[in-house]
Amino acid sequence: MTDDPIPDQLRSLARHEGPFTSDEARKILQSALAHASNRTVQRAAEMIAQAEDASFTSDLVKAYWRLKRNPLKKDPGCLAKTAIVKALVQAEHADMELFRDGITYCQIEPHWQGEIDSAAEIRGVCAIGLVHFTPTIEVLNHCAVLLSDLWPEARLGAAQALGALAQIEAAPLLRLKLLTGDSQPEVHGECCSAMLKADREEGLAFVQPFLNSHDADQCVQTALALGEARLPGTFDRLRNAWGLRSELNVRESLLLCIGLLRTTESQEFLLSLIDKRDIRTAADAVKALRLNGPLGDLRERTEAAVEVTESDTLMSAFREEWLS
């Protein structure tokens, strides 16, 4: 009996950039999606998603429904089905039957700590898949259920879906979730991001108090959402929060979030922190400035500020961030 050639062909194909236009490449991927091994199916779906190739959607859909039959045997861990729905979302495929199936799908499996629902991420990803092709009220209803899901992967996907929706109708649901809280900081952060997209006028003021949270992770996740949103007025809020925190790792993270703003005032503030009297803060500022990218003369100004300190530690930090 000969060895199965498909996994080896898939690995060889992975060394080439997509899209996969040749007949040979397409046959390999189609065979991989129909393969008995869920890991082979997973890898093929990941490659298709990475290549942003929308021409395999019918093969992906067929593989999803095949794996739904006897799923514990055919796709333990939901590895393949998760990769498939991600690829379909990436391709902006409007298969509402599949996404409506996946958004309520559960797959309970034995785990060393008891049991685990391996389909939690599928539910979250399918919420994102529904955003642009179903009525807003349907998305909101599904996300309301998922935001209270037992598994954080589902809650995270719901928050990301509401962010992708970016409509004011999502704001009350996000306010409620943020006020009731979540055990996972990443879910809180995604809810903050979604809130800033759904309600640009009042969202900033609503999420600001979470910067003062006693929970360091919640503070940092809020700051990250603010830094990525880059809304007017964000700099003062992040700078004030940085000044009030004493934890070194939180202060470093807040400076990085300030760096994400990429504004003149944020750059000037970070440059002002490069001072030999506080090497730790100065090094954090150098890292944060790097997030601006090579904009204009910022690299030269950062290097000049470091040279003034005559600190070998800071110069090493500069070289590591800007020259490596």
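Above: the structure in question.
Bear in mind the structure is a predicted one, so any value in this text is a computation, not a measurement.

> What's the story with helix α9 (residues 136-146) in this structure? I'm lost.
Turn by turn, an α-helix covers 3.6 residues, leaving residues three or four places apart pointing in a common direction. Of the residues making up α9, those classed as buried are Glu138, Val139, Leu140, Cys143 and Leu146. Looking at the buried side of α9, the elements it contacts are α7 (96-102), α8 (120-130), α10 (152-165) and α11 (171-180).

> Would you explain the packing of aromatic side chains in this entry?
The relation between two aromatic rings is expressed through the spacing of the ring centres and the mutual angle of the planes. Under the defined criterion, the tally for this structure stands at five aromatic pairs. Look at Phe235 and Phe269: their rings are 5.7 Å apart centre to centre, the planes differ by 70°, and that puts the pair in the edge-to-face class. In this pair, Phe235 sits in helix α15 (residues 234-244) while Phe269 sits in helix α17 (residues 264-272), placing the two residues 34 residues apart along the sequence. For the ring pair Trp242 and Phe269, a centre distance of 5.6 Å and an interplane angle of 85° mean the geometry is edge-to-face. Within this pair, whereas Trp242 is found in helix α15, its partner Phe269 is found in helix α17, the two being separated by 27 residues in sequence. The pair formed by Trp242 and Phe269 is uniform in burial state, with each residue classed as buried. Three or more aromatic residues joined by ring pairs make a cluster, and in this case those are Phe235, Trp242 and Phe269. A cation over a ring is seen here: Arg175 above Phe206, with NZ or CZ 4.7 Å from the ring centre. Its end group placed over the ring of Trp242, Arg251 keeps NZ or CZ at 4.2 Å from the ring centre.

> Can you walk me through the pairing of strand β1 (residues 108-111) in this structure?
Remember that side chains alternate between the two faces of the sheet whenever the strand is regular. As paired strands, β1 and strand β2 (residues 114-117) are joined by four bridges and run antiparallel to one another. Bridging from a neighbouring strand, His111 pairs with Gly114 of β2.

> Would you take a moment to explain the pattern of salt bridges for this structure?
Two side chains bearing opposite charge may form a pair once their charged atoms approach each other closely. Using the criterion set out here, one finds 19 salt bridges in the structure. One salt bridge connects Asp117 with Arg123, and the closest N-O pair in it is separated by 2.7 Å. Pair check on accessibility: Asp117 and Arg123 agree, each one buried. Among the salt bridges present, the one from Glu268 reaches Arg301, with a minimum N-O distance of 2.9 Å. Of this pair, Glu268 sits in helix α17 while Arg301 sits in helix α19 (residues 298-309), placing them 33 residues apart in sequence. For Glu268, a relative accessible area of 36% corresponds to the partly exposed category. When its relative accessible area of 33% is taken as the criterion, Arg301 is described as partly exposed. If you follow the salt bridges from partner to partner, you end up with Glu252, Arg280, Asp284 and Lys287 in one network.

> Would you take a moment to explain the side chain of Thr309 for this structure?
Tracing the sequence through the fold places Thr309 in helix α19. With a relative accessible area of 8%, Thr309 lands in the buried category. Those residues in contact with Thr309 that sit more than four places away from it in its chain are Ile274, Asp275, Lys276 and Leu314.

> Quick question: what am I supposed to make of helix α1 (residues 6-14) here?
Listed in full, the buried residues belonging to α1 are Ile6, Leu10 and Leu13. One side of α1 holds all its buried residues, which, seen down the axis, span an arc of 65°. Where the residues of α1 are buried, they touch α2 (23-33) and α3 (38-51).

> Looking at this structure, how should I read the packing of α15 against helix α16 (residues 248-261)?
Two quantities define a packed helix pair, namely the angle between the helix axes and the distance between the axes. It is at 9 Å that the axes of α15 and α16 come closest, and there the two elements cross at 165°. With respect to α16, the axis of α15 lies roughly antiparallel. In this structure, α15 crosses over α16, and the sense of that crossing is left-handed. In this structure, α15 uses Thr234, Phe235, Leu238, Arg239, Ala241, Trp242 and Gly243 to contact α16, whose residues at the interface are Arg251, Leu254, Leu255, Cys257, Ile258 and Leu261. A per-class count over the contact of α15 with α16 returns nine nonpolar, two polar and two charged.

> Is there a simple way to explain the environment of Leu33 in this structure?
Tracing the backbone shows Leu33 in helix α2. According to the relative accessible area criterion, Leu33 is buried, its value standing at 2%. On a C-alpha basis, the gap between Leu33 and Ile128 in space is 23 Å, while along the polypeptide they are 95 residues apart. The residues contacting Leu33, other than those within four sequence positions of it, are Val41, Ala44, Ala45, Ile48, Asp59, Leu60, Ala63 and Arg66.

> Got a minute to help me understand the packing of α1 against α3 in this structure?
One way to put it is that α1 packs onto α3 with a least axis distance of 11 Å and a crossing angle of 20°. Classified by the angle between their axes, α1 and α3 sit roughly parallel to one another. Between α1 and α3 the crossing geometry is left-handed. In this structure, α1 uses Ile6, Pro7, Leu10, Leu13 and Ala14 to contact α3, whose residues at the interface are Thr40, Arg43, Ala44 and Met47. Split into classes, the residues belonging to the contact of α1 with α3 amount to seven nonpolar, one polar and one charged.

Calculation notes
Residues numbered from 1 in each chain as written. Predicted model: local features only at pLDDT ≥ 70, side-chain atom pairs only at ≥ 80, totals over all residues. Heavy atoms only, no water. Buried < 20%, exposed > 50% of the residue type's maximum accessible area, 1.4 Å probe, protein only. Helix = DSSP H or I, 4+ residues; strand = E, 2+ residues; numbered from the N terminus. Contact = heavy atoms within 4.5 Å. Phe/Tyr/Trp six-rings, centres within 6.5 Å; stacked < 30°, edge-to-face > 60°. Lys NZ or Arg CZ within 6 Å of the ring centre and 35° of its normal. Pairing = 2+ DSSP bridges. Salt bridge = Lys/Arg side-chain N within 4 Å of Asp/Glu carboxyl O. Arc of directions from axis to C-beta. Axes fitted to C-alpha atoms, helices over the stretch in contact; angles between N-to-C directions. Parallel < 35°, antiparallel > 145°, perpendicular 65-115°, else oblique. Left-handed = near helix turned anticlockwise from the far one by under 90°. Nonpolar A, V, L, I, M, F, W, Y, C, P; charged D, E, K, R; others polar.

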